Amino acid sequence: MQWLAFGNLAFLWMFPAIILLYILKRKYEDQAVASILLWQRVLQNREANRPWQKLERYLLLFLQLLVALLLLLALLRPAVPVEGAIAAHTVLVIDSSGSMLAREGQQTRLELSKQAALKVVEHLGSNQRLTLVEMGREPKVLVSKSGDQAALRQALNGIVPRAGTGDSRAALSLAKAIAASEPGSGIMWFGDGDRGRMAESDFSALQPEAFRHIQPGVTQDNLAVGSFVTQLRDGRMEGLLRIDNYGLSERKGRAVIYDREHRVLDVGNLTVAAKGSFSLSFSDLPSSPAYEAELEIKQDALSEDNRAWSVPFASGKARAVLVSPAGNRFLTQALLYGNRVELETMNRLPDRLDDKVDLWIFDGVVPKQLPKGNLLLVAPAESASWFEAYGTQKLTRPLETNKPEHPLLAYADLKDVHVAEHVAWKPISGMEPLVSSGDQAVISAGTLQGRRAVILGFDLHQSDFPLRPAFPIFMQNSLSWLSPAQSVPIGTAYPGETVVLPLTPGAAMRVLIQPDGKQIQVDGQGSVYLYAVPEQTGLFTLRETRGRDELTRYFAVQMRAAESDIAPKTLQVPVYEGDEKPKGDAGQQLQGMQVKGMKGLRELAVWLVLAALLTAFAEWAVYRRGY
């Protein structure tokens with residue numbers, strides 16, 4: 001037991017004060033009576049000359065002393081150790097990522113973590129404070145340095161399960177920064193861990209007692225849809241389904257394929273070995289704009305990853321227009337290769353740019369107004385309201401690749417390409433140089449006022465680029481990257497992340513329908529729209545109206561595979577003791593510590609005050625009865 005206000009012992013004066021009231025003699029007033037014969041024995045004690053009298057055993061005295069004792073103990077604020085916060089200021093981090101939806105018995109891991117955190121809140125001492133952090137895709141501080149149990153409880157109850165991922169490194173870094181703002185702070189982590197160990201460079205070392213990891217997970221039996229693809233081949237729709245088993249035992253069940261209207265199309269049995277994968281193929285599926293695969297498995301810990309959706313590849317072609325006053329055989333042949341676009345060529349700029357063109361290619365010319373479709377500019381020597389050219393310049397330095405990871409440069413090696421001169425232009429917001437010569441951008445790509453754009457800053461005839469193997473690869477990459485909705489399906493998206501939706505040029509109205517039925521008006525200006533995916537999985541629908549045509553496309557939002565691996569993991573951070581420098585050796589890392597044994601304090605003052613009130617009530621009853 002600890003005494004949190006030992007200085008209040010000064011209130012000990014209450015005891016002698018009460019006793020003094022009982023040993024001091026009462027002072028009586030003289031009154032005339034007929035006889036005092038019968039009062040002689042009683043008055044013997046009263047007639048003493050001393051101002052005090054012998055202390056007698058009075059029940060009231062004992063009760064009053066007991067009340068004083070209880071009040072004094074309450075003022076000293078006694079407290080007993082309980083499971084609770086580990087420091088005067090403790091940062092609680094709650095993992096709410098998709099794996100926390102795994103069930104442990106009748107409850108999810110997130111529910112178990114919230115219950116454990118609520119215990120810490122309930123056992124919070126009067127001199128302790130908590131900071132509550134939710135580990136989502138971006139960590140959020142829900143309550144900062146507060147001892148208000150009602151506010152902390154409300155914030156904890158407000159944490160809801162999510163299907164997305166969480167950034168444990170960002171959450172731990174944030175918690176460490178908050179803890180560092182107040183010496184002696186601690187961090188308590190409620191979650192199913194992380195794969196790797198936090199390096200010293202990512203996360204500075206902690207004192208061993210300043211960090212606790214509360215692991216709510218035990219089970220790891222989980223079967224999940226690894227991938228589900230459908231494709232039209234030789235006029236027949238085929239599907240391929242891969243099921244992954246993350247558990248330690250063989251699992252059996254079946255997979256059901258549904259169409260867009262949730263009608264059963266096919267069923268397949270499956271047997272997946274422990275830590276293995278199993279594939280099912282489906283052939284001659286009835287036509288549907290989208291398909292759904294669902295696993296029917298008994299006793300599966302995580303059911304959110306048992307469903308997946310697939311949108312068949314659309315076979316439509318994009319409409320492209322090449323404007324080249326001088327003609328460009330290299331460019332024309334590269335655009336026609338693969339028969340991926342419906343190409344129309346022009347030898348001069350049209351009076352009006354057609355809004356229904358998906359991709360514009362301008363070779364040596366620049367339109368005064370931006371078209372609504374995506375665009376590829378080749379040797380843009382002219383200026384316009386949206387583009388400012390500085391004229392041609394000689395290149396004296398070799399080409400350098402700035403963004404080798406960009407899709408345009410995949411498998412395209414431009415280091416041996418020679419360019420005689422190029423067009424210099426004013427940098428454009430949203431465009432980034434992919435290839436440069438010194439400080440001069442030669443190839444740029446990005447988003448230009450809401451549409452995708454690529455600028456090839458030199459005339460193909462002034463270089464040996466068309467003779468290099470990289471040229472057709474670069475052009476096909478450009479077509480893939482610039483092709484809009486009709487020819488390229490929307491890729492799989494993930495909860496809580498951002499997906500790029502290619503928009504149909506010329507569409508007047510666009511509506512996005514979520515799996516829960518909520519409709520969102522898409523106010524996209526240009527050919528792409530950045531959509532922040534909500535924390536839900538399912539099949540999303542994008543409907544566009546262009547003239548009398550209504551275009552409907554689908555895309556799937558599914559959990560990431562990393563969330564399906566629900567095996568409990570340790571959360572390892574660097575620790576050190578005393579003034580020693582951080583050490584990364586095994587044995588100095590805290591792993592999977594439990595709530596039991598953590599230090600917290602529960603004050604008993606409230607109970608003591610309540611006992612004092614009850615005793616005072618008993619003393620009043622004794623007084624009324626005249627004991």
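All values reported here derive from a predicted model rather than from experimental measurement.

A. Summary view of the overall build of the chain. Check the secondary structure of the chain and you find ten helices and 33 strands. The buried share of the chain, taken over its 627 residues, is 46%. Counting only contacts in the chain whose residues sit at least 6 apart along the sequence, the fraction spanning at least 24 positions is 70%. A total accessible area of about 33,000 Å² is found for the chain, and carbon and sulfur atoms account for 52% of it.

B. Looking closely at the pairing of strand β15 (residues 291-296). Here five bridges tie strand β12 (residues 251-258) to β15, and the two strands are oriented antiparallel to one another. Across the sheet, residue Val256 finds its bridge partner in β15, namely Glu294. As judged from the four bridges shared by β15 and strand β16 (residues 307-310), these two strands associate in the antiparallel manner. Looking at the pairing, Glu292 lines up with Trp309 of β16.

C. Just the packing of aromatic side chains, in detail. A full pass over the atoms with the stated rule returns nine aromatic pairs. Taken together, a centroid distance of 6.5 Å and an interplanar angle of 35° make the contact between Phe387 and Trp425 tilted. With Phe387 in the loop between β20 (374-378) and β21 (389-394) and Trp425 in strand β23 (residues 421-425), this residue pair connects regions lying 38 residues apart in the sequence. By relative accessible area, Phe387 is classed as buried at 1%. Trp425 sits in the buried class, given a relative accessible area of 10%. Over the ring of Tyr494 we find Arg560; its NZ or CZ atom is 3.7 Å from the centre of that ring.

D. Region of interest: the packing of helix α1 (residues 14-23) against helix α3 (residues 59-76). One can describe the packing of α1 onto α3 by two numbers: an axis separation of 10 Å at closest approach and a directional angle of 165°. Between α1 and α3, the angle is such that the two are roughly antiparallel. Note on packing geometry: the crossing formed by α1 with α3 is right-handed. Two secondary-structure elements touch here, α1 through Met14, Phe15, Ile18, Ile19 and Tyr22 and α3 through Leu60, Leu61, Gln64, Leu65, Ala68, Leu69 and Leu72. For the contact of α1 with α3, a count of residues per class yields eleven nonpolar, one polar and no charged.

E. Spotlight on the sheet that holds strand β13 (residues 264-272). Read from one edge of the open sheet, four strands run β13-β12-β15-β16, paired in antiparallel fashion. With partners counted over all chains shown, the strands left at the sheet margins are β13 and β16, one partner each. Sheet twist, expressed as the mean angle between neighbouring strand axes with direction ignored, is 20°. In this structure, β12 lies alongside β13, joined through eight bridges in antiparallel fashion. Among the inter-strand pairings, Val256 is bridged to a residue of β13, identified as Val267.

F. Up close: the pattern of salt bridges. Scanning the model with the defined rule gives 21 salt bridges in all. Each member of the salt-bridge network shares a partner with another, and the members are Glu104, Arg109 and Asp192.

G. Seen up close, the nonpolar core. In terms of nonpolar packing, the biggest core is built from 37 residues, with Leu414, Phe465 and Phe474 touching the most fellow members. Put simply, the parts of the chain that give this core at least two residues each are β17 (318-323), α7 (329-336), β19 (359-363), β20, β24 (431-437), β25 (440-448), β26 (451-456) and α8 (470-482). Looking at which element gives the most residues to this core, the answer is α8, with seven residues. Counting 23 residues, the second-largest nonpolar core is a separate cluster that includes Ala85, Leu118, Val143 and Met188.

H. A look at the UniProt feature "transmembrane region" (unreviewed entry) in the chain. The residues that UniProt annotates with the feature "transmembrane region" (unreviewed entry) are residues 6-24, 58-76 and 604-623. The span residues 6-24 is 53% helical and 0% strand by assignment, and the distance between its end C-alpha atoms comes to 31 Å. Between the end C-alpha atoms of residues 58-76 the distance is 27 Å, and the span holds 95% helix and 0% strand.

I. Seen up close, the environment of Phe458. For Phe458, the position within the fold is in the loop between β26 and α8. Given a relative accessible area of 1%, Phe458 falls into the buried group. Between the C-alpha atom of Phe458 and that of Glu421, which follows or precedes it by 37 residues, the distance is 6.6 Å. Among all residues touching Phe458, those that are not within four sequence positions of it are Val378, Ala379, Val419, Glu421, His422, Val442, Ile443, Ser463 and Phe465.

J. Inspection of unusual backbone geometry at higher detail. Despite not being glycine, Lys275 has its phi angle at roughly 60°, a positive value. Here Lys275 lies in the loop between β13 and β14 (277-285). Residue classification places Lys275 among the exposed positions, given a relative accessible area of 52%. With phi around 50°, Ala379 is a residue other than glycine that occupies positive phi space.

K. View of α3. Under the 1.5 Å per step criterion, the end-to-end length of α3 is 26 Å for 18 residues, consistent within 8% with the ideal 26 Å. Two residues or fewer past α3, Arg77 is found with a positive phi of approximately 55°.

L. Quick look at the side chain of Gln514. Its location among the elements puts Gln514 in the loop between β28 (509-513) and β29 (519-521). Separated by 3.1 Å, the side chains of Gln514 and Tyr531 make a polar contact. Setting aside chain neighbours within four positions, we find Gln514 in contact with Ile520, Tyr531, Pro534, Gln536 and Phe540.

M. Just a nonpolar patch on the surface, in detail. Taken together, the side chains of Val606, Trp607, Val609, Leu610, Leu613 and Leu614 make up a nonpolar region of the molecular surface, amounting to roughly 660 Å² of accessible area. Checked against the element boundaries, Leu613 lands in helix α10 (residues 605-625).

N. Spotlight on the sheet that holds β29. In space, the four strands of this open sheet follow the order β29-β28-β31-β32, with antiparallel pairing throughout. Looking at the sheet topology across the chains shown, the edges are occupied by β29 and β32 (549-557). Averaged over neighbouring strand pairs, the angle between their axes works out to 20° when direction is ignored. Here five bridges tie β28 to strand β31 (residues 538-546), and the two strands are oriented antiparallel to one another. Within β31, the residue paired with Met509 across the bridge is Thr545.

What counts and what doesn't
- Residues numbered from 1 in each chain as written.
- Predicted model: local features only at pLDDT ≥ 70, side-chain atom pairs only at ≥ 80, totals over all residues.
- Heavy atoms only, no water.
- Helix = DSSP H or I, 4+ residues; strand = E, 2+ residues; numbered from the N terminus.
- Buried < 20%, exposed > 50% of the residue type's maximum accessible area, 1.4 Å probe, protein only.
- Contact = heavy atoms within 4.5 Å.
- Areas by Shrake-Rupley, 256 points an atom, 1.4 Å probe, with all protein chains shown as cover.
- Pairing = 2+ DSSP bridges.
- Phe/Tyr/Trp six-rings, centres within 6.5 Å; stacked < 30°, edge-to-face > 60°.
- Lys NZ or Arg CZ within 6 Å of the ring centre and 35° of its normal.
- Axes fitted to C-alpha atoms, helices over the stretch in contact; angles between N-to-C directions.
- Parallel < 35°, antiparallel > 145°, perpendicular 65-115°, else oblique.
- Left-handed = near helix turned anticlockwise from the far one by under 90°.
- Nonpolar A, V, L, I, M, F, W, Y, C, P; charged D, E, K, R; others polar.
- Salt bridge = Lys/Arg side-chain N within 4 Å of Asp/Glu carboxyl O.
- Core = buried A, V, L, I, M, F, W, Y, C linked by side-chain atoms within 4.5 Å.
- UniProt positions renumbered as here; feature names shortened; annotations may be inferred.
- Expected span 1.5 Å × (residues − 1).
- Polar contact = N/O pair within 3.5 Å; in protein donor to acceptor, adjacent residues only side chain to side chain.
- Patch = residues over 30% accessible without salt bridge, like charges linked within 9 Å, V, L, I, M, F, W, Y side chains within 5 Å.

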